[in-house]
Amino acid sequence: NKEGHKWDPMEKTAHLKELIDCNERNEEICDALEDLVRAGHNVVAFTEIVDHAIWIHQEMSRRLPGVNPILYYGTMKPDSAKKKAYEDVKANRSMLTITTYKAAGTGLDVKPWTDIWFMTPMKSAASVKQTIGRGRRTDTGKTRCVLHDLVDNNDPTLVAKYNQRAKVYQTL
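All values reported here derive from a predicted model rather than from experimental measurement.

Draft legend 1. Summary view of the packing of helix H2 (residues 23-38) against helix H3 (residues 50-63). Across the interface, H2 lies against H3 with an axial gap of 10 Å and an inter-helix angle of 50°. Compared by their axis directions, H2 and H3 come out oblique. The two elements H2 and H3 meet at a crossing, and its hand is right-handed. On H3, the residues that touch Arg25, Asn26, Glu27, Ile29, Cys30, Asp31, Leu33, Glu34 and Arg38 of H2 are His52, Trp55, Ile56, Glu59, Met60 and Arg63. Residue classes in the contact of H2 with H3 are distributed as 6 nonpolar, 2 polar and 7 charged.

In structure tokens, the structure reads:
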């Protein structure tokens, strides 16, 4: 794929499956999330795939039992669980939120988030800006907003996608 070329759905699905099935990559993400939370940062981690969010949440719940990480995604069942997760996120009841880009796309205003993690590549410039905006909200005592974008340098398509996101970062 050339920079600017859109992925076809099958190619994108194969790339994302490969990313989320990589244990070494997932452990690297969890190590980084754990370090940030233990350092007192309020972190939100985004992924495109629900199963990936669930796996990361389970691992982080095991690693940080007192933190009670929040898992939030749009197709949660039952609806009462989805509503509780949404309320927990909005009320900032944990130092770690694991969510999907789609679930946190609109209507989610959590000012204390200090660190944003992109665990899988983003779709569009508008989505990148909107997601970064989640962490750029000001709050009393908040002194930082850091974006962590995991770049998979071994895949030219994913590097090209990162280069597209980097152009967006320069406009912010």
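Draft legend 2. Seen up close, the nonpolar core. Grouped together as the largest cluster of nonpolar side chains are 37 residues, with contacts concentrated most on Leu33, Ile56, Met60, Leu96, Ile98, Trp117 and Phe118. Setting aside residues up to four positions removed in sequence, Leu96 forms contacts with Leu33, Val37, Val43, Met60, Leu64, Val67, Pro69 and Ile70.

Draft legend 3. Layout of unusual backbone geometry. Omega for the peptide link from Lys77 to Pro78 comes to -5°, which places this bond in the cis form. Take Pro78: it is sitting in the loop between strand S2 (70-72) and helix H4 (79-90). Here the phi dihedral of Asn68 falls at roughly 50°; this positive angle occurs in a residue that is not glycine. Within the element layout of this structure, Asn68 appears in the loop between H3 and S2. You will see that Asn92, though not glycine, has its phi angle at about 55°, which is positive. Along the chain, the position of Asn92 falls in the loop between H4 and strand S3 (96-100).

Draft legend 4. Seen up close, the sheet that holds S3. With parallel pairing, 5 strands are arranged side by side in an open sheet as S2-S3-S1-S4-S5. This sheet does not close on itself; its edge strands, each paired only once, are S2 and strand S5 (146-149). Each neighbouring strand pair of the sheet contributes to a mean axis angle of 15°, computed without reference to strand direction. Here strand S4 (residues 115-118) pairs with S5 via 4 bridges, running parallel. What sits directly across from Trp117, in S5, is His148. The strands touched by H3 within the sheet are strand S1 (43-47), S2 and S3, with S3 carrying the most contacts at an inclination of about 165°.

Rules and cut-offs
- Residues numbered from 1 in each chain as written.
- Predicted model: local features only at pLDDT ≥ 70, side-chain atom pairs only at ≥ 80, totals over all residues.
- Heavy atoms only, no water.
- Axes fitted to C-alpha atoms, helices over the stretch in contact; angles between N-to-C directions.
- Helix = DSSP H or I, 4+ residues; strand = E, 2+ residues; numbered from the N terminus.
- Parallel < 35°, antiparallel > 145°, perpendicular 65-115°, else oblique.
- Left-handed = near helix turned anticlockwise from the far one by under 90°.
- Contact = heavy atoms within 4.5 Å.
- Nonpolar A, V, L, I, M, F, W, Y, C, P; charged D, E, K, R; others polar.
- Core = buried A, V, L, I, M, F, W, Y, C linked by side-chain atoms within 4.5 Å.
- Buried < 20%, exposed > 50% of the residue type's maximum accessible area, 1.4 Å probe, protein only.
- Pairing = 2+ DSSP bridges.

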